[in-house]
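Okay, here's what each chain looks like letter by letter:
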Amino acid sequence: MATTEFIAAIELSSSKISGIAGKKNSDGSIQVLAYAREDASSFIHKGVIYNIDKTAQALTSIINKLESQLNNSIAKVYVGIGGQSLRTVKNAVSRVLEEEGIISQELVDAISDENLEVPLMDMSVLDVAPQEYKIDNNLQADPVGVAGKRITGNFLNIVARASLKKHSFEQAKVEIADLLIAPIALANAVLTESEMRSGCALVDFGADTTTVSVYKNNILRFLSVLPLGGNNITRDITALQMEEAEAEQLKLKYGDMLYEEEETETPAVCTLEDGRSIELNVLNDIIDARAEEILANVWNQLQLSGYEDRLLSGIIFTGGGANLKNMEDAFRKRSKVDKVKTTRFVHNTIHGFSDVLKKDGMQNTLLGLLAAGNENCCLQEVKPAPAASTVTPPKPVDMFGDDEALKEQEAAARAAKAQREKEEKERRERERKEKERKEK
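All figures in this text were calculated on a predicted structure; none of them were measured in a lab. (Residues numbered from 1 in each chain as written. Predicted model: local features only at pLDDT ≥ 70, side-chain atom pairs only at ≥ 80, totals over all residues. Heavy atoms only, no water.)

Focus on the overall build of the protein chain
The criterion, for reference: We count a stretch as a helix when DSSP gives it H or I for four or more residues in a row; a strand needs E for two or more, and each element gets its number in order from the N terminus. With a 1.4 Å probe rolled over the protein chains alone, any residue whose accessible area is under 20% of its type maximum counts as buried; one over 50% counts as exposed, and the rest are partly exposed. Note on definitions: a residue-residue contact is assigned when non-hydrogen atoms from the two residues lie within 4.5 Å. For the purpose of charge, His is not counted, nor are the chain termini; Lys and Arg are scored as positive and Asp and Glu as negative. The location of each charge is read from NZ of Lys, CZ of Arg, CG of Asp or CD of Glu.
Helix and strand counts for the protein chain come out as 11 helices and 19 strands. Taken along its principal axes, the extent of the C-alpha atoms in the protein chain is 100 × 80 × 45 Å. Looking at the 440 residues of the protein chain, the share that counts as buried comes to 44%. Of all intrachain contacts in the protein chain linking residues separated by at least 6 positions in sequence, the fraction that spans at least 24 positions is 69%. Across the protein chain, the 54 positively charged side chains and the 69 negatively charged ones have centroids separated by 3 Å.

Structure (structure tokens):
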């Protein structure tokens, strides 16, 4: 049976494109109805798109897979924006009144609008996190109605290069319901209100990037994306003469940031697929060197934020890279921060697709995007006009006869789906021919 109400979301992460569709239940839980993913390591690096055509093809494939599972068409999707270009820029806008008066909503709106006019080279302001307003010498979270002569609005602008992502979706003929800041959607999904109020840092260890977000008094105070992630560790291990897939398996199975060799006559070893043996202390020396570099950069970002000693709820790890053994203890040793923990899943109860949506932190951002959506993303079919009654002779009325816009919208949506299916079929045919050519 076709599903007619659902929310659809797509995440363009540093190594893959993931799509999900689901609906929210009355008890706050989420029912996942469809899931799909495509490897993007060849055309997306550190969250930045380098090949629009291949990205569009992958998006088309994701949409087709989701629609097949839903047995219905997707009209629009929520899209998560992240990656290396994402960061925050502070800005302050001041106004001096002719005489002391009451701060009005119009004045606050004017200051907010002026903030958006700040010049940014090749960047777009995706969202704004207003900080406190300074009225004369006092800080106010809500300045409207407060008396004063001088007001300064402090803003944290979230900026990124988002144009390539938009072009990819346009080429794939996929309508965007809303561009969401992926780290913010993640924070809302895994952090509690008390953690965001008392102060915490959320560190998302991804494949090619690590994102650091700082919250205090329920306000985003700092956001930075480091061009380092779990894949850097994996690629370092390949120096031991092996493929990345095997290196990833060794990292997950034997990796330990606080590894200590037991005092025995023969060192502990692991055996590779080709029969070679590698000492675990050699393997973990490689892992530890790169992981320490990542943690050092995370701690440096927290110090740059200015909030490193004001985080009452401590540091919270998430993401697939946080699964490395003893990472929390290693960070405690470096930062001297006692409160360090790892959150491996979102707050919402998730039903369905438990085989791919495991509680390992790897899908938290995607689930956060799904939870952030609030509009039905299903393509609504236009119902045909009611048939003429056999009892009454009057001519049937076409309910949409004069609504040309509605007809055009329906036709465009169907044409877009047909084009996506055509492009996907052509892509598969090219891949088949390429495979045959290589085999010959």
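Describing helix H8 (residues 280-305)
Heads up, the condition is: Multiplying 1.5 Å by the residue count of a helix minus one yields the expected span of that helix.
With 26 residues, H8 extends 37 Å from end C-alpha to end C-alpha; this agrees with the ideal 38 Å at 1.5 Å per step. For H8, the complete set of buried residues consists of Leu 280, Leu 283, Asn 284, Ile 287, Ala 291, Ile 294, Leu 295, Val 298, Trp 299, Gln 301, Leu 302 and Ser 305. Positive phi appears at Gly 306, one or two residues downstream of H8, with a value of about 85°.

Focus: the packing of aromatic side chains
In this description, an aromatic ring pair is defined by two values, namely the gap between the centres and the angle between the planes. Cut-off, in case you're wondering: Side-chain rings of Phe, Tyr and Trp, where Trp is taken by its six-membered ring, are said to pair if the distance between their centres is within 6.5 Å; with planes under 30 degrees apart they count as stacked, over 60 as edge-to-face, and otherwise as tilted.
All told, the structure shown has four aromatic pairs when counted by the stated rule. Here the aromatic rings of Phe 317 and Phe 331 are separated by 5.5 Å at their centres, their planes lie at 75°, and the arrangement is edge-to-face. Remark: Phe 331 occurs in helix H9 (residues 327-335) and Phe 317 occurs in strand S17 (residues 315-318); sequence separation between them is 14 residues. When its relative accessible area of 0% is taken as the criterion, Phe 317 is described as buried. A residue is classified by how much of its surface remains accessible, and Phe 331, at 0% relative accessible area, is buried. Three or more aromatic residues joined by ring pairs form one cluster here, namely Phe 205, Trp 299, Phe 317 and Phe 331.

Observations regarding the nonpolar core
Here is the rule we go by: Definition used in this section: a nonpolar core is a set of buried Ala, Val, Leu, Ile, Met, Phe, Trp, Tyr and Cys residues joined via side-chain atoms within 4.5 Å.
Of all hydrophobic cores here, the largest spans 65 residues; its most connected members are Ile 10, Ile 17, Val 77 and Leu 191. One finds Phe 222, Leu 228, Ala 291 and Val 337 within the second-largest nonpolar core, a separate group that totals 38 residues.

Side note on the sheet that holds strand S18 (residues 340-342)
Just so we agree on the cut-off: Pairing between strands is defined by DSSP: at least two bridges between the two strands are required. Helix axes are fitted to C-alpha atoms over the stretch in contact, other axes to C-alpha atoms as well, and angles between N-to-C directions run from 0 to 180 degrees.
Here five strands make up an open sheet; going across it, the order is S14-S13-S12-S17-S18 and the pairing mixed. Edge positions in the sheet fall to strand S14 (219-226) and S18, since each has one partner strand and no second. Between one strand axis and the next, the sheet turns by 20° as a mean value, whatever way the strands run. Bridge count between S17 and S18: three bridges; the pairing is parallel. Bridging across to S18, Ile 316 finds its partner in Lys 341. Its contacts with the sheet put H8 on strand S12 (200-205), strand S13 (210-216), S14 and S17, and the angle it makes with S13 is roughly 30°.

Observations regarding the pattern of salt bridges
In plain terms, the rule: Any Lys or Arg side-chain nitrogen located within 4 Å of an Asp or Glu carboxyl oxygen qualifies as a salt bridge.
Tallied over the entire structure, the rule returns 13 salt bridges. Ionic pairing is found between Lys 76 and Glu 375, a salt bridge with its closest N-O pair at 2.7 Å. With Lys 76 in the loop between helix H1 (52-70) and strand S6 (77-81) and Glu 375 in the loop between helix H10 (364-372) and helix H11 (404-439), this pair connects stretches of sequence that are 299 residues apart. What makes Lys 76 buried here is its relative accessible area of 19%. When its relative accessible area of 36% is taken as the criterion, Glu 375 is described as partly exposed. Here Lys 341 and Glu 195 are joined by a salt bridge, their closest N and O atoms 2.8 Å apart. Taken together, the positions of Lys 341 in strand S18 and Glu 195 in helix H5 (residues 193-198) put the pair 146 residues apart, joining distant regions of the chain. Residue Glu 195 is classed as buried on the basis of its relative accessible area, which comes to 9%.

Details of the side chain of Ser 85
Along the chain, Ser 85 turns up in the loop between S6 and strand S7 (87-102). When residues no more than four places from it in sequence are discounted, the contact partners of Ser 85 are Met 123, Val 159, Ala 160 and Arg 161.

Things to note about the state of the cysteines
Here is the rule: Any two cysteine sulfur atoms within 2.5 Å of one another count as a disulfide.
Using the criterion set out here, one finds zero disulfides in the structure. Here Cys 378 stays free of any disulfide, with the sulfur of Cys 377 as its closest cysteine sulfur at 9.1 Å. For Cys 378, a relative accessible area of 5% puts it in the buried group.

Brief notes about the sheet that holds S6
Spatially, the six strands line up as an open sheet ordered S11-S6-S1-S2-S3-S19, and their pairing is mixed. The sheet is open, and its two edges are formed by strand S11 (176-181) and strand S19 (350-351), each paired on a single side. Of the strand pairs in this sheet, S6 and S11 are connected by five bridges, and their pairing is parallel. Paired with Val 77 across the two strands is Ile 176, which belongs to S11. The sheet strands contacting H10 are strand S1 (7-12), strand S2 (16-24), strand S3 (30-39), S6, S11 and S19, and the helix crosses S2 at an angle near 40°.

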